[in-house]
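# Per-entry structural report
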Amino acid sequence: MENTNIQPSIAERQKSPPRKSLKWLFRLLFLFIAVFILFYFIMSAMATLRWVKNFNKEYTFEAPDSDPLDPRLFSDSAFISLQKQLSFSQARLDMAHPDSIGLSINLANSTMNLEIEGVTVHTTHIISYRVSRSIYGLDHYALARMLSEPLLISESSATIPKEPIMVKKAPKDTIEATLPDIMPDTSTVVPVFFRLSFKNDFQLLVLQEETIMSMQMRKRFVFLCRIRFANAWKAIKDVIRFRVPTYSPEIRIIIPSSDARIIYRALPENGMAALMV
């Protein structure tokens, strides 16, 4: 009786995939990814802590030796509230000097105002907002001192154009040339989401209120993913170079869609904003 258990030849054994080597390769790859993710989160946490520490060091009040103040004053709730109001008023006053439109954001009473030379020309009710927890970890006086000056807008991005642009083709004849120019504003149906980056690294993210429209949900998801991917990519490049990433606290605000469109298009490119947290 013939033996059916024929052993594979040497050539066949050499052609078979090295399963053990692949397993070790996948394990090493998994371990490398896990270590990198852990290192990334550690560096991100260090970036937040370093930003809070540097912020408090730069803006914390230092009383002169000749006239020392009671440190308990800076933790008093009445003093903190008064300091916030004074800082917000001072920032609005400085913002009123240039002949341009400014944005004042008062999270305490949930309002956003467009102002020209200190006069409110448009008021928006804030439906909801969310502030990065690192901002609440700042020294109250240091935060109020920083916000006593207007925030300067350095960059902006949105789902709608800043100014509607019409692309017109050359007319075929004189009859077509006499037709009036009618430019449909398609942004009235496009969900409005925009982000303002300030020169002090603060980020303001403004989203229109949510609806059940699938197009709006998709646009919102894509817009937020682009921001998160851009921030993550910058942080990853810093981590690869063994540098602490740059941290930017974010304030997210939800307002009605019509107000979001008005505010974004009314603000100049290098405009200013006054903020009260």
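The structure displayed is predicted, hence computed values, not measured ones.

Spatially, 3-2-1-9-5-6-7-8-4 is the arrangement adopted by the 9 strands of the open sheet, whose pairing is mixed. At either margin of the open sheet sits one strand with a lone partner, and together these are strand 3 (119-125) and strand 4 (128-131). Going across the sheet, the axis of each strand differs from the next one's by a mean of 25 degrees, ignoring polarity. As judged from the 4 bridges shared by strand 1 (residues 101-106) and strand 9 (residues 272-276), these two strands associate in the parallel manner. Of the residues in strand 9, the one forming a bridge with isoleucine 105 is leucine 275.

Considering all chains together, one arrives at 4 salt bridges under this definition. Among the salt bridges present, the one from glutamate 115 reaches arginine 92, with a minimum N-O distance of 2.8 Å. Taken together, the residues span a long stretch of sequence, with glutamate 115 in strand 2 (residues 111-116) and arginine 92 in helix 3 (residues 77-95) at a distance of 23 residues. What makes glutamate 115 buried here is its relative accessible area of 3%. In this structure arginine 92 comes out as partly exposed when scored by relative accessible area, which is 28%. The salt bridge involving arginine 252 is made with glutamate 250; its shortest N-O contact spans 3.7 Å. For glutamate 250, a relative accessible area of 15% gives the class buried.

On the surface, Leu22, Leu25, Phe26, Leu29, Phe32, Ile33, Ile37 and Phe41 cluster together into a nonpolar patch covering about 830 Å² of accessible area. Along the polypeptide, leucine 29 turns up in helix 2 (residues 19-59). Exposure remark for leucine 29: the relative accessible area of 45% places this residue in the partly exposed category.

Bringing unusual backbone geometry into the picture now. The residue serine 110 is not glycine, and still its phi comes out positive at about 60 degrees. Looking at the secondary structure, you find serine 110 in the loop between strand 1 and strand 2. Take serine 110: its relative accessible area is 18%, and that puts it in the buried class. Despite not being glycine, phenylalanine 242 shows a phi value in the positive range, around 60 degrees. Tracing the chain through its elements places phenylalanine 242 in the loop between helix 7 (214-240) and strand 8 (250-255).

For the rest of this paragraph, the subject is the packing of aromatic side chains. Centre distance and the angle of the planes are the two values used to describe a pair of aromatic rings. Inspection of every chain in the model, using the stated rule, returns 8 aromatic pairs. An angle of 55 degrees between the planes, with centres 5.9 Å apart, marks the rings of phenylalanine 39 and phenylalanine 242 as tilted. Residue phenylalanine 39 is found in helix 2, and its partner phenylalanine 242 is found in the loop between helix 7 and strand 8; the two are separated by 203 residues along the sequence. What links up through ring pairs into an aromatic cluster is the set Trp51, Phe55, Tyr59, Phe202 and Tyr247. If you follow lysine 162 out to its NZ or CZ, it ends over the ring of tyrosine 264, 4.2 Å from the centre.

The rules behind these values
- Residues numbered from 1 in each chain as written.
- Predicted model: local features only at pLDDT ≥ 70, side-chain atom pairs only at ≥ 80, totals over all residues.
- Heavy atoms only, no water.
- Pairing = 2+ DSSP bridges.
- Helix = DSSP H or I, 4+ residues; strand = E, 2+ residues; numbered from the N terminus.
- Axes fitted to C-alpha atoms, helices over the stretch in contact; angles between N-to-C directions.
- Salt bridge = Lys/Arg side-chain N within 4 Å of Asp/Glu carboxyl O.
- Buried < 20%, exposed > 50% of the residue type's maximum accessible area, 1.4 Å probe, protein only.
- Patch = residues over 30% accessible without salt bridge, like charges linked within 9 Å, V, L, I, M, F, W, Y side chains within 5 Å.
- Areas by Shrake-Rupley, 256 points an atom, 1.4 Å probe, with all protein chains shown as cover.
- Phe/Tyr/Trp six-rings, centres within 6.5 Å; stacked < 30°, edge-to-face > 60°.
- Lys NZ or Arg CZ within 6 Å of the ring centre and 35° of its normal.

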